[in-house]
Amino acid sequence: MIDGITTNPSLLAKQAGDLDPRDVLKEICSLVEGPVSAEGRRRGRRRHGARGQRARQDRDNIVVKIPMLESGMVAVRRLAEAGIKTNVTLCFSSVQCLIARRRAPRT
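Residues numbered from 1 in each chain as written. Predicted model: local features only at pLDDT ≥ 70, side-chain atom pairs only at ≥ 80, totals over all residues. Heavy atoms only, no water.

**Student:** Help me understand the packing of helix H4 (residues 70-81) against helix H5 (residues 94-103) in this model?
**Tutor:** What describes two packed helices is the angle between their axes and the distance between those same axes. Look at H4 against H5: their axes get within 8 Å of each other, and the N-to-C directions meet at 30°. In this view, H4 runs roughly parallel relative to H5, as classed from their interaxial angle. Here Met73, Val74, Val76 and Arg77 of H4 come into contact with H5, specifically with Ile99, Ala100, Arg102 and Arg103. Of the residues in the contact of H4 with H5, the class split is five nonpolar, no polar and three charged. (Axes fitted to C-alpha atoms, helices over the stretch in contact; angles between N-to-C directions. Helix = DSSP H or I, 4+ residues; strand = E, 2+ residues; numbered from the N terminus. Parallel < 35°, antiparallel > 145°, perpendicular 65-115°, else oblique. Contact = heavy atoms within 4.5 Å. Nonpolar A, V, L, I, M, F, W, Y, C, P; charged D, E, K, R; others polar.)

Structure follows, in C-alpha cells:
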C-alpha cells in the first residue's frame, strides 16, 4: 500500500528514543519497497554530498533530500553524477523548481 515515504531527521531522532536514528531509518527502508526520502541535519555542499554517500551505503532505496540552497544545488549535481537520487526540498516558487530540475540529469 505504501509507494514511498519521506522522513525528517529531527523527528526521526525524537521518535527513535534510545535507538540510533540510522538504525530506525534502515528498518524503515527494509519495510518500504519504494523510495525513502531522507535528509541529513547539517548544511553545506560537502556535508550534503557526504551525507548522501553515507545514506546510500545503508540502503539502495534512499533518496537524499537536499534543501533548495546554492550549496544544495551543487550537491544535487555531484550526487547525481555519482548515481545517487535526490529530492530537492524547500522550493517556494516555480523558478526554484526549474533550477532544481536543471541541476539533476534527466533519467
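**Student:** Please explain the packing of helix H1 (residues 9-16) against helix H2 (residues 21-31) as it appears in this structure.
**Tutor:** Interhelical geometry of H1 versus H2 gives an angle of 100° and a closest axis separation of 9 Å. As far as their axial angle goes, H2 and H1 are roughly perpendicular. Touching Leu12, Ala13 and Ala16 of H1 are Pro21, Val24, Leu25 and Ile28, all from H2.

**Student:** Whenever I open this one, H2 confuses me. Can you help?
**Tutor:** Every α-helix carries 3.6 residues per turn, so stepping three or four residues along brings you back to the same face. Val24, Leu25, Ile28 and Cys29 are the residues of H2 that are buried. Viewed along the axis of H2, the buried residues span an arc of 140°, placing them on a single side of the element. Where H2 begins, one side-chain oxygen reaches toward the backbone nitrogen of Arg22, 2.9 Å away; that side chain belongs to Asp20. (Buried < 20%, exposed > 50% of the residue type's maximum accessible area, 1.4 Å probe, protein only. Arc of directions from axis to C-beta. Polar contact = N/O pair within 3.5 Å; in protein donor to acceptor, adjacent residues only side chain to side chain.)

**Student:** Quick question: what am I supposed to make of the environment of Arg78 here?
**Tutor:** Position of Arg78 relative to the elements: it lies in helix H4. For Arg78, a relative accessible area of 48% puts it in the partly exposed group.

**Student:** Would you mind showing me how to read the pairing of strand E4 (residues 86-89) here?
**Tutor:** Every regular strand shows the same layout, with side chains that alternate between the two sheet faces. Direction of pairing for strand E3 (residues 62-67) relative to E4: parallel, over a ladder of four bridges. Bridging from a neighbouring strand, Ile66 pairs with Val88 of E4. Crossover connection from E3 via H4 to parallel E4: handedness right-handed. (Pairing = 2+ DSSP bridges. Right-handed = clockwise from strand over helix to strand, strands pointing away.)

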